[in-house]
Amino acid sequence: QQQVKQSPQSLIVQKGGISIINCAYENTAFDYFPWYQQFPGKGPALLIAIRPDVSEKKEGRFTISFNKSAKQFSLHIMDSQPGDSATYFCAAAIYSNYQLIWGAGTKLIIKP
Amino acid sequence: EAGVAQSPRYKIIEKRQSVAFWCNPISGHATLYWYQQILGQGPKLLIQFQNNGVVDDSQLPKDRFSAERLKGVDSTLKIQPAKLEDSAVYLCASSAQTGKNTEAFFGQGTRLTVV
């Protein structure tokens, strides 16, 4: 019940295309859903996060869509650029204790 | 603002040896986390400190792993004795956890290889 399932494991997108990564969770107590971006040799960095009181959050080219009833959330990267090539992790937590449960990661490659 | 500092960056040891990692969190951050990230997986929380007290160490293999955070600032994570399956990147993160600002900032990690 603590798991967060992430798909796909890897993704190749043409430059300018839309990258979509999906996550699903089981624990209905989770109320904080961040996405992290990790470049090789670096620690993860927070990209964007959402609370369940909204169904969508947009920051620049990055959008989180959240479906509370389906217990799913997704990351959309619009106009994907080669610099977006990285591993993306979704996570979930109970906001008050911030103990993140992480997905397995998606390796995204943007082809020029 | 300086980020989370970790050392060493890389470490190679033989199984059954001991190893220690060091973390200096962002100044003023009360909460410190140690994560283990095995290649191809998401990070797994090992231990969470609030100041110098342990909040959660339920996933820390206490027969071989230990961690401390003296004076509520720097922290060390030790493995003794190491096993092959301990090969991973060990990430330290810190957060302010004041009000709504609970974002955790990560260091670059220490890549441990046990041979």
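What you are looking at is a predicted structure, and each value in this text was computed from that prediction instead of being measured.

Analysis parameters
- Residues numbered from 1 in each chain as written.
- Chains lettered and ligands numbered in written order.
- Predicted model: local features only at pLDDT ≥ 70, side-chain atom pairs only at ≥ 80, totals over all residues.
- Heavy atoms only, no water.
- Helix = DSSP H or I, 4+ residues; strand = E, 2+ residues; numbered from the N terminus.
- Rg over C-alpha atoms; globule rule 2.2 N^0.38 Å.
- Buried < 20%, exposed > 50% of the residue type's maximum accessible area, 1.4 Å probe, protein only.
- Contact = heavy atoms within 4.5 Å.
- Areas by Shrake-Rupley, 256 points an atom, 1.4 Å probe, with all protein chains shown as cover.
- Lys, Arg positive; Asp, Glu negative; His and termini not counted.
- Charge placed at Lys NZ, Arg CZ, Asp CG, Glu CD.
- Pairing = 2+ DSSP bridges.
- 1 Å grid on protein atoms, 1.4 Å probe; cavity = no way out; pocket = protein on both sides within 12 Å on 5 of 7 lines; lining within 4 Å.
- Points joined across faces, edges and corners; volume = space filled by probe spheres on them.
- Nonpolar A, V, L, I, M, F, W, Y, C, P; charged D, E, K, R; others polar.
- Buried area = accessible area lost by both parts, 1.4 Å probe.
- Polar contact = N/O pair within 3.5 Å; in protein donor to acceptor, adjacent residues only side chain to side chain.

(A) Looking closely at the overall build of chain A. In terms of helices and strands, chain A carries zero helices and 11 strands. When the helices and strands of chain A are read in sequence order from the N terminus, they spell out β-β-β-β-β-β-β-β-β-β-β. For 112 residues, the compact-globule estimate of 2.2 N^0.38 gives 13 Å, and the C-alpha radius of gyration of chain A, at 13 Å, lies within 12% of that figure. Considering only C-alpha atoms, chain A reaches an extent of 40 × 30 × 20 Å along its principal axes. By the burial criterion, 45% of the 112 residues in chain A qualify as buried. A sequence separation of at least 24 residues applies to 54% of the contacts in chain A between residues at least 6 apart. Counting every atom, chain A has about 5400 Å² of accessible surface; 51% of that belongs to carbon and sulfur. The averaged location of the 7 negative side-chain charges in chain A is 7 Å from the averaged location of its 11 positive side-chain charges.

(B) Quick look at the pairing of strand S4 (residues 33–38) of chain A. Residue and element names in this part refer to chain A. Within S4, six of the six residues are buried, leaving the element largely enclosed by the surrounding structure. Alternating residues of S4 divide into Phe33, Trp35 and Gln37 and Pro34, Tyr36 and Gln38, and every residue in both groups is buried. Here S4 folds back onto strand S5 (residues 45–50) in antiparallel fashion, the turn holding six residues, of which glycine 41 has a positive phi close to 80°. Across four bridges, the pairing between S4 and strand S9 (residues 86–92) is antiparallel. Residue pairing for S9: tyrosine 36 is matched across the bridge by phenylalanine 89.

(C) Representation of the layout of surface pockets. Here the largest pocket defines a volume of roughly 680 Å³. For the lining of the largest pocket, the elements supplying multiple residues, two or more each, are S9 and strand S11 (106–111) of chain A together with strand S9 (88–95) and strand S11 (110–114) of chain B. Class assignment for the residues of the lining of the largest pocket results in 13 nonpolar, 16 polar and four charged. Along the wall of the second largest pocket there are 19 residues; nearest its centre are A:Gln2, A:Leu100, A:Ile101, A:Trp102 and B:Gln59. At the level of elements, strand S10 (101–102) of chain A together with strand S5 (44–50) of chain B are the ones that each hand at least two residues to the lining of the second largest pocket. In the lining of the second largest pocket, the residues fall into eight nonpolar, nine polar and two charged.

(D) How the structure looks around the interface of chain B and chain A. Contacts between the two partners involve 21 residues from chain B, matched on the other side by 16 residues from chain A. Taking both sides of the interface into account, the surface hidden between chain B and chain A amounts to around 1400 Å²; carbon and sulfur atoms contribute 47%. When the area that chain B buries against chain A is broken down by residue, the three leading residues are B:Thr102, B:Phe106 and B:Gln108, summing to 28%. The tally of links between chain B and chain A comes to four residue pairs in polar contact (both at pLDDT 80 or more). Where the side of chain B that touches chain A is concerned, the elements lending two or more residues are strand S4 (31–37), S5 and strand S6 (53–56) of chain B. A total of three residues in the side of chain B that touches chain A trace back to one element, the largest contributor, which is S4(B). Across the side of chain B that touches chain A, the residue classes break down as eight nonpolar, nine polar and four charged.

(E) Region of interest: the side chain of A:Ser74. Residue and element names in this part refer to chain A. Mapped onto the secondary structure, serine 74 falls in strand S8 (residues 72–77). With a relative accessible area of 9%, serine 74 lands in the buried category. Residues contacting serine 74, with those up to four places away along its chain left out, are Ile21, Asn22, Trp35, Thr63, Ile64 and Ser65.

(F) Representation of the environment of B:Gly72. Within the element layout of this structure, B:Gly72 appears in the loop between strand S7 (65–68) and strand S8 (75–79). Dropping the residues within four chain positions of it, B:Gly72 is found in contact with B:Asn51 and B:Asn52.

(G) Focus on the pairing of S11(A). Residue and element names in this part refer to chain A. Every second residue of S11 is oriented toward a common face, the buried set being Thr106, Leu108 and Ile110 and the non-buried set Lys107, Ile109 and Lys111. With five bridges joining them, strand S2 (residues 10–14) and S11 adopt parallel strand pairing. Residue pairing across strands places isoleucine 12 opposite isoleucine 109, the latter belonging to S11. The pairing of S9 with S11 spans three bridges and is classified as antiparallel. Within S11, the residue paired with alanine 86 across the bridge is leucine 108.

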